[in-house]
Amino acid sequence: MTNTVKTTWKGDMKFESTNPSGINLMIDAGVDDGGKGEGYRPKALMLSALAGCSGLDVVSLLKKMRAEVDAFNIDITAELTEEHPKFYKKVHVVYNFYGSDFKKDKIEKSVNLSVDRYCGVMEMFRQFAEVTTEIKYIEK
């Protein structure tokens, strides 16, 4: 399978990038870097891709296991190297589940399957960064 995107310069530091789904997104540098902050930053976009990839896995698996939760989000903190080219060297992914009467065994299985088997973006990150994960349960 091949994915193709086309990214077009829109002036200054701004780019528009196509997506196989047909929805475009804007990429821009921050004001300090010559942009206007009118789009995603490339490195932050990578973290969004990681959260989205794993999140899709987890939601799908929870549904199949009948272990639905009231709400769910993913927080990612990533540390860049000091030298150029700067890249993420440490990435910490926190899976936050909200609700009550959690089916923790199924939730943990869903997260672990995503992290260890299904999420291709997670595997890509492991090629260049130390990736750690954590699960939090927030009672409502």
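Structure: above.
Report follows, based on the coordinates. (Residues numbered from 1 in each chain as written. Predicted model: local features only at pLDDT ≥ 70, side-chain atom pairs only at ≥ 80, totals over all residues. Heavy atoms only, no water.)

A separate point is the sheet that holds strand β4 (residues 71-80). Read from one edge to the other, the open sheet built from 3 strands follows the order β4-β5-β6, with strand pairing classed as mixed. Bordering the open sheet on either side are β4 and β6 (130-139), each of which pairs with just one other strand. The average undirected angle you get between the axes of adjacent strands in this sheet is 15 degrees. Alignment of strand β5 (residues 88-99) against β6, held across 10 bridges, turns out to be parallel. Across the sheet, residue histidine 92 finds its bridge partner in β6, namely threonine 132. Along the sheet face, helix α2 (residues 104-118) touches β5 and β6 and points at about 155 degrees away from the line of β6. (Pairing = 2+ DSSP bridges. Helix = DSSP H or I, 4+ residues; strand = E, 2+ residues; numbered from the N terminus. Axes fitted to C-alpha atoms, helices over the stretch in contact; angles between N-to-C directions. Contact = heavy atoms within 4.5 Å.)

All right, on to the sheet that holds strand β2 (residues 15-17) then. In sheet architecture, strand pairing relies on hydrogen bonds along the backbone and comes in two forms, parallel and antiparallel. Spatially, β1-β2-β3 is the arrangement adopted by the 3 strands of the open sheet, whose pairing is antiparallel. Looking at strand neighbours, the two that pair on one side only are β1 (7-9) and β3 (25-27), the edges of this open sheet. Direction aside, neighbouring strands of the sheet carry axes that sit 25 degrees apart on average. Relative to β2, β1 runs antiparallel, the two being bridged by 3 bridges.

With respect to the helices and strands, the residue arginine 66 is situated in the loop between α1 (42-64) and β4. For the pair arginine 66 and lysine 103, spaced 37 residues apart in sequence, the C-alpha to C-alpha distance is 9.1 Å.

Below, the discussion takes up the packing of aromatic side chains. For the coordinates displayed, the defined rule picks out 6 aromatic pairs. On the numbers, 6.4 Å between centres and 5 degrees between planes, the contact of phenylalanine 72 with tyrosine 95 is stacked. Of this pair, phenylalanine 72 sits in strand β4 while tyrosine 95 sits in strand β5, placing them 23 residues apart in sequence. A residue is classified by how much of its surface remains accessible, and phenylalanine 72, at 23% relative accessible area, is partly exposed. Classification of tyrosine 95 as buried rests on a relative accessible area of 0%. Ring geometry for phenylalanine 102 and tyrosine 137: centres 5.0 Å apart, planes at 50 degrees, overall tilted. Here tyrosine 137 lies in strand β6 and phenylalanine 102 lies in the loop between β5 and α2, a separation of 35 residues in the sequence. Note on phenylalanine 102: relative accessible area 14%, which makes it buried. Since its relative accessible area comes to 22%, tyrosine 137 is described here as partly exposed. Residue placement shows lysine 104 over the ring face of tyrosine 137; its charged tip is 4.7 Å from the ring centre. (Phe/Tyr/Trp six-rings, centres within 6.5 Å; stacked < 30°, edge-to-face > 60°. Buried < 20%, exposed > 50% of the residue type's maximum accessible area, 1.4 Å probe, protein only. Lys NZ or Arg CZ within 6 Å of the ring centre and 35° of its normal.)

To describe two helices that pack against each other, one gives the angle between their axes and the distance between the axes. At a minimum axis distance of 9 Å, the contact between α1 and α2 shows a crossing angle of 140 degrees. With respect to their mutual orientation, α1 and α2 come out oblique. For the element pair α1 and α2, the recorded crossing hand is right-handed. Residues Ser54, Asp57, Val58, Leu61 and Leu62 of α1 form the contact with α2, whose own contacting residues are Lys106, Ile107, Ser110, Val111, Leu113, Ser114 and Tyr118. Per-class residue counts for the contact of α1 with α2 are 7 nonpolar, 3 polar and 2 charged. (Parallel < 35°, antiparallel > 145°, perpendicular 65-115°, else oblique. Left-handed = near helix turned anticlockwise from the far one by under 90°. Nonpolar A, V, L, I, M, F, W, Y, C, P; charged D, E, K, R; others polar.)

This paragraph deals with a nonpolar patch on the surface. On the surface, Met46, Phe87 and Phe128 cluster together to form a nonpolar patch covering roughly 240 Å² of accessible area. Along the chain, phenylalanine 128 falls in the loop between α3 (120-126) and β6. Residue phenylalanine 128 is classed as partly exposed on the basis of its relative accessible area of 31%. (Patch = residues over 30% accessible without salt bridge, like charges linked within 9 Å, V, L, I, M, F, W, Y side chains within 5 Å. Areas by Shrake-Rupley, 256 points an atom, 1.4 Å probe, with all protein chains shown as cover. Salt bridge = Lys/Arg side-chain N within 4 Å of Asp/Glu carboxyl O.)

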